[in-house]
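These are the residues of each chain, in order.
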Amino acid sequence: MTGPSGAALQEGPVGRVLAKAGDGLAAVSTLLIAVLMLIICADAVARNTMGASLPLVSELGAALLVAIVYLALATTVRANRLARTDMVLGALARSRPRVAAVLSAVYDLVGAAMLALVGWAGVLTLAREYQGDLYIGIQGVLTFPSWPFGLAFVLGLGVAVLQFLYQAWAALRQGQARTGGGLE
Amino acid sequence: AQENIDLTIASSHPTAIPWVGMMQTHFMAETDRLLAETGTYKITWNEAFGGALYKANATLSSVEEGVTDIGWVFSLLEGAELPLSQVSSYAPFATNNPPVQLAVMQELIDTVPELKAEWEGHNLVVLGLTGTDSYDLYAKKPIASLADLNGMKISAPGVLGTWLSGTGANPVDGSLTTYYTDIQTGVSDGVLSLALGVFPAKIYEVAPYVTKVQMGTAFSGAIAINKDSWDALPAEVQEAMKKAGAYYTEAHGKDLLERPVAVMQKIVEAGATQTPPVAVADLPQDQREAWVNVLPDLAGTWAKDMDAKGLPGSTVMNAYMAGLKARGESPIRDWKAE
Amino acid sequence: MSGVEIGLLAVAVLLLLILIGMPIGVAMLAVSFGGVSFIRNEGVAFRMAGSVARDSLQEYLFAVVPLFVLMGLLVTISGVGKDTFDVFQSALRRVRAGLGMATVGANAVFASITGISIASASVFSRVAVPEMVRHGYQKGFATGVVAGSSVLGMLIPPSLLMIVYAVQAEESVGRMFLSGIGPGILLSVLFALTIYLMARFRPQMVFAEVKQAADLPGLGLAETLRKGAPILALMGLVLGGLYGGFLNPTEAGAAGAAGALVIAILRRSLGQGRLWHILVETGQITVSVLFLVMAATFFSRMLAMSGLPAALGDVLLSGPVGPWGFLILYLAVVILLGCIIDSISIMLILLPIAIPVAQAAGFDMIWFGVMTVVAVEIGLLTPPFGLSVFTIKSAMNDPDLKVGTIFRGTMPFVLAMLAALVILAIFPAISTWLARL
Ligand code: NA
Ligand code: NA
């Protein structure tokens, strides 16, 4: 599942803690996929037996999907499976490994910066969701608080940011670019 | 010399939707016209209609956050952020007169501080209001009485589902893009919808029996401008936009009276040659009364929920109904909050 | 600098970053953030990034992505995929490159149960590629066939792209669905023809080693039934559910995944932590695809803000080009945009400009929609940003398989799609006759 240099990233106490955190969140994401499947099936069964949709299924399904994506983001980053092309970096890693390592670290740092921005916006939204008792669904039918989804969003992005930072540090320390594995 | 002002105007929906198209033909055009009278300022519009900048699930936050300067805020999808603005959805059958409804909503926004704050608290200034045409029933079979509804699966997402409570019909989730296939394949037997939505989506092809229930119109949102953008505008431009917004609201309300009649005629014409052909029938008045009276106390429950959150739900509901009656409407059920 | 210039610069920088190997989603986020900062300011860019990350994915229709991925993985691990291809291989064993054609046929059938091409790509990269490689096909060709035929997923109904077009053009979703059937069959035939011609005249592009499949014994009737029953049951569940009125498209995805789970359990394929492994895989594939969709949405919104698409439209669509000139230019722009952004974003950016022009040109809007969808789908196969190709790469998880190899493998199918566009342009009835019945 992980590329050659991806495996090395689990070494050391920081790497192991991050791997645990990422896998923990991914496990929740995984369970949510099962939940998503179950509620959608339950809705279909309810409509065909009782004639009516279960309330909130489409809103809940959409919100669950967002949580599923961000909770599994860190582990996907660690597994080196974000889409990219490897033509230039791969060649560079063979001919000028130090240059490639610096480049690879820069990509990870840009990734960390972008996800940190998105995550910080998520923190502000989460605060509003929590304080304002915001909900998904319809008043008078069924509502569900939106802060758990905001929390999943922020947690997933937070761990992914740390994972990117750790990878940047590891690439510089090892003098080795992250190539191979995942989407090249 | 003339000063140029760049402004982005956007929507989640395409300009083919009447009230989005009227943002161009009425709001923008009237603003331009007013500004041209003195010629001091000229606006260069950067148009981003049709969801180019954001989708229907982010109409409020996108204006609030300045993603666009001006945009149509779809309040019906923002129940959590604009709770008091939902009042018309919890008083079905109250009015089928969009100009009156929009006038009452404008009055409420101007006079109930919490309702005004619910919009302005999102860093925006309301310029014009939008509403729906009347909700009717489009089904696979003719509906002559309330009893015919019993056991039917009707596409009625969200709060519309509550308009079926007690009728024996079961609400099915969906959206304008899914209704056609849902009805065609039997996921539902019909839909509670608007002529203005049914015609372009050609739902009459699969649900040819149109029952004009006249369930009422709903307040759907507003043309609003980001407050930071607003504050940066010269007073003359602000004044022109206020006037253009009022002009838009009035023209749109009037359009909602006339256009659905024409569109219903188009539905009849377009569906004349299909089998079975489109058949339009009014639901008898006694059946409309039976329908609205079988509904649970939607207004009272909503108002109580709002009050419990510290919002003036009862005040808004009662003022809404009073406003309608003051303008000559006679709701067939007198919704009220205790 | 004007918005249009910022937009052009952003496109150039994005292409450069993608080329030198920055993760594409990250590059899109960074370029879009920079673009919006220059067009408006950092505050707007920051808030836009925050909201796009959530609202672009908060879409019930996208729930079909993990569900169809999960269904694909379960179908694969329980051996149903291999069995299916044994049946196809047996049926087409005397045909040159029969398994390649079987992949196209199976994709066409599968397309009638999924509305998104990335689902087809992820399922058949798991199911068909290992089978073809096992039978001596080139990896590049095998993945190329899968990527190429995955576009059928959004041409043959149900189709997410047809829904998007129908909404924008105010056409009936049902009619748009019907309009995809003829072109879907045409494209399937063209793909099969492409495969045949390649195997006949350029066998070294198709086969890694010469295995004479025709010498293999065919399956007996009992064996064919045993191997074919599970996939038929699954398709019965999904297709029967959809067209029998029991399920909407998202539910069909969930029911398909649940059905595949039952089959896997019955076949005792899920022991030793394999179910957990599959669920984790599902999560990672879903993330790598939807993270791109999210970043691509931000990019297209930044472009819309820059005014570049509208300016392009003005330059290309005004002027003395005439209806056919307009059509060719429009399709060229769609295909070029397809190199760098995703299908839905292209339609969201271009259709508001193009639809009024097409109506003024007097085009049949159903036919115009089909042309648009086919051209947009070419983008799934073209570098540097080819979503079907990336999906296959992600689903295969094979370090030896380079993205460039897959892109080269898809090129013959890109040519076949261009040929399809020409045929569809000359014979509009292929698209319209069923829809206008
Ligand atoms: Na399909
Ligand atoms: Na592409």
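From a predicted model like this one, the values you see are computed outputs, not experimental measurements.

## Notes on the environment of Thr 25 of chain B
All names here are of chain B.
So, step 1. The topology assignment puts Thr 25 in helix 1 (residues 18-38).
So, step 2. Residue classification places Thr 25 among the partly exposed positions, given a relative accessible area of 49%.
So, step 3. The spacing of Thr 25 and Tyr 248 is 223 residues in sequence and 9.1 Å in space, taken between C-alpha atoms.
So, step 4. In this structure the side chain of Thr 25 is engaged in a polar contact, spanning 2.8 Å, whose partner is the side chain of His 26.

## Describing the pattern of salt bridges
So, step 1. For the structure shown, the criterion picks out 19 salt bridges over all chains.
So, step 2. Taking the shortest distance from any N to any O, the salt bridge between Arg 40 of chain C and Asp 69 of chain B comes out at 2.9 Å. Residue Arg 40 of chain C is located in the loop between helix 2 (24-39) and helix 3 (42-55), and its partner Asp 69 of chain B is located in the loop between helix 2 (59-64) and strand 3 (70-74); the two belong to separate chains.
So, step 3. Between Lys 227 of chain B and Asp 231 of chain B there is a salt bridge, with the nearest N and O atoms lying 3.2 Å from each other. Here Lys 227 of chain B pairs with Asp 231 of chain B, and both are found in helix 7 (residues 227-231), just four residues apart, close to one helical turn.
So, step 4. Overall, Lys 227 of chain B belongs to the partly exposed group, its relative accessible area being 33%.
So, step 5. Three or more residues are tied together by salt bridges with common partners; here these are Glu 30, Arg 33 and Glu 37 of chain B.

## Some words on the nonpolar core
So, step 1. With 216 residues, the main nonpolar core has Tyr 70 of chain A together with Phe 299 and Phe 368 of chain C as its most contacted residues.
So, step 2. Not counting residues up to four positions away in its chain, the partners in contact with Phe 299 of chain C are Ala 10, Val 11, Leu 14, Met 28, Val 31, Ser 32, Ile 340 and Ile 341 of chain C.
So, step 3. Counting 61 residues, the second largest nonpolar core, distinct from the first, contains Trp 119, Ala 218, Ala 222 and Trp 291 of chain B.

## Quick notes on the side chain of Arg 178 of chain A
Residues and elements named next belong to chain A.
So, step 1. Secondary-structure assignment places Arg 178 in the segment after helix 7 (147-174).
So, step 2. Despite its burial, Arg 178 remains without a salt bridge, the nearest opposite charge being carried by Asp 108 at 4.9 Å.
So, step 3. A distance of 2.7 Å separates a polar atom in the side chain of Arg 178 from the backbone oxygen of Val 77.
So, step 4. At a separation of 3.0 Å, a polar atom in the side chain of Arg 178 contacts the main-chain carbonyl oxygen of Arg 78.

## Considerations on the sheet that holds strand 1 (residues 3-10) of chain B
All names here are of chain B.
So, step 1. Overall, mixed pairing links the five strands, which are arranged 2-1-3-10-4 in an open sheet. Looking at strand neighbours, the two that pair on one side only are strand 2 (41-48) and strand 4 (124-131), the edges of this open sheet. Neighbour-to-neighbour, the strand axes of the sheet open up by a mean angle of 25°, direction not taken into account.
So, step 2. Bridging between strand 3 and strand 10 (residues 219-226) involves five bridges; their strand directions are antiparallel. Directly across from Ile 70, in strand 10, lies its bridge partner Ile 225.

## Let's talk about the sheet that holds strand 7 (residues 170-172) of chain B
Residue and element names in this part refer to chain B.
So, step 1. The strand order 7-6-8-5-9-11 describes an open sheet built from six strands, whose pairing is mixed. Among the strands making up the open sheet, the edge pair consists of strand 7 and strand 11 (279-282). The average angle at which neighbouring strand axes cross in this sheet is 30°, direction not considered.
So, step 2. Two elements, strand 5 (residues 135-139) and strand 9 (residues 209-212), share three bridges in a ladder whose sense is antiparallel. In the strand pairing of strand 9, Tyr 138 is matched with Val 210.

## Description of the interface of chain C and chain B
Note: interface size is frequently given as the accessible area lost on complex formation between the parts.
So, step 1. Counting residues at the interface gives 31 residues for chain C, matched by 29 residues for chain B.
So, step 2. When chain C packs against chain B, the two sides together hide about 2500 Å² of surface, and 50% of this comes from carbon and sulfur.
So, step 3. Our enumeration of links across chain C and chain B arrives at one salt bridge.
So, step 4. Joining chain C to chain B, the criterion identifies nine residue pairs in polar contact (both at pLDDT 80 or more).
So, step 5. Those elements that place two or more of their residues in the side of chain C that touches chain B are helix 3, helix 9 (160-169), helix 10 (173-179), helix 13 (221-243), helix 15 (274-306) and helix 18 (343-360) of chain C.
So, step 6. Looking at which element gives the most residues to the side of chain C that touches chain B, the answer is helix 3 of chain C, with five residues.

## Quick notes on helix 8 (residues 235-270) of chain B
So, step 1. For helix 8 of chain B, which comprises 36 residues, the first-to-last C-alpha distance of 49 Å matches the rise-based estimate of 52 Å (1.5 Å per residue) to within 8%.
So, step 2. At Leu 256 of chain B, helix 8 of chain B shows its strongest bend, of approximately 35°, with the proline Pro 260 of chain B following within four residues.

## A look at the pairing of strand 2 of chain B
Residues and elements named next belong to chain B.
So, step 1. Of the pairings in the sheet, the one linking strand 1 to strand 2 comprises eight bridges and is parallel in character. Across the sheet, residue Asn 4 finds its bridge partner in strand 2, namely Lys 42.
So, step 2. After leaving strand 1, the chain enters helix 1 and then returns to the sheet as strand 2, a path that is right-handed.

## A look at the confidence of the model for chain B
All names here are of chain B.
So, step 1. Looking at chain B, pLDDT values average 93 and 100% of them are 70 or higher.
So, step 2. For chain B, per-element mean pLDDT is lowest for helix 5 (residues 179-185), which scores 81, and highest for helix 11 (residues 313-326), which scores 97.
So, step 3. For this predicted complex, the interface confidence reaches an ipTM of 0.85, while the overall pTM sits at 0.82.

## Overview of the side chain of Ser 85 of chain B
All names here are of chain B.
So, step 1. With respect to the element layout, Ser 85 can be found in the loop between strand 3 and helix 3 (98-111).
So, step 2. The buried category is assigned to Ser 85, whose relative accessible area is 1%.
So, step 3. Excluding its chain neighbours within four sequence positions, the residues that come into contact with Ser 85 are Met 105, Leu 115, Glu 118, Trp 119 and Phe 219.

## As for empty space enclosed by the protein
Rolled over the atoms, a probe with the dimensions of a water molecule shows which regions are left empty.
Residue and element names in this part refer to chain C.
So, step 1. On inspection of all chains with the given rule, the structure shows seven cavities of 30 Å³ or more.
So, step 2. One number sums up the size of the largest cavity: a volume of about 160 Å³.
So, step 3. Lining the largest cavity we find 14 residues, and of these Ile 118, Met 154, Val 293, Ile 344 and Leu 387 sit closest to its centre.
So, step 4. When contributions to the lining of the largest cavity are tallied by element, the ones reaching two or more residues are helix 7 (117-134), helix 9 and helix 18.

## As for the packing of aromatic side chains
So, step 1. For the structure on display, the rule yields 24 aromatic pairs over all chains.
So, step 2. Here Tyr 166 of chain A and Trp 169 of chain A contribute two aromatic rings whose centre-to-centre distance is 5.9 Å and whose plane-to-plane angle is 35°, an arrangement assigned as tilted. Of this pair, Tyr 166 of chain A and Trp 169 of chain A are both found in helix 7, three residues apart, which corresponds to roughly one turn of the helix.
So, step 3. An aromatic cluster is defined as three or more aromatic residues linked by ring pairs; in this entry it consists of Trp 324, Phe 326, Tyr 330, Phe 363, Trp 367 and Phe 368 of chain C.
So, step 4. Its end group placed over the ring of Phe 153 of chain A, Arg 54 of chain C keeps NZ or CZ at 5.4 Å from the ring centre.
So, step 5. In this arrangement the basic side chain of Arg 200 of chain C is found over the ring face of Phe 201 of chain C, its NZ or CZ atom lying 5.3 Å from the centre.

Definitions and limits used
- Residues numbered from 1 in each chain as written.
- Chains lettered and ligands numbered in written order.
- Predicted model: local features only at pLDDT ≥ 70, side-chain atom pairs only at ≥ 80, totals over all residues.
- Heavy atoms only, no water.
- Helix = DSSP H or I, 4+ residues; strand = E, 2+ residues; numbered from the N terminus.
- Buried < 20%, exposed > 50% of the residue type's maximum accessible area, 1.4 Å probe, protein only.
- Polar contact = N/O pair within 3.5 Å; in protein donor to acceptor, adjacent residues only side chain to side chain.
- Salt bridge = Lys/Arg side-chain N within 4 Å of Asp/Glu carboxyl O.
- Core = buried A, V, L, I, M, F, W, Y, C linked by side-chain atoms within 4.5 Å.
- Contact = heavy atoms within 4.5 Å.
- Lys, Arg positive; Asp, Glu negative; His and termini not counted.
- Pairing = 2+ DSSP bridges.
- Axes fitted to C-alpha atoms, helices over the stretch in contact; angles between N-to-C directions.
- Buried area = accessible area lost by both parts, 1.4 Å probe.
- Expected span 1.5 Å × (residues − 1).
- Bend = angle between axes of the 7 residues up to and from the residue.
- Right-handed = clockwise from strand over helix to strand, strands pointing away.
- pLDDT = per-residue confidence, 0-100.
- 1 Å grid on protein atoms, 1.4 Å probe; cavity = no way out; pocket = protein on both sides within 12 Å on 5 of 7 lines; lining within 4 Å.
- Points joined across faces, edges and corners; volume = space filled by probe spheres on them.
- Phe/Tyr/Trp six-rings, centres within 6.5 Å; stacked < 30°, edge-to-face > 60°.
- Lys NZ or Arg CZ within 6 Å of the ring centre and 35° of its normal.

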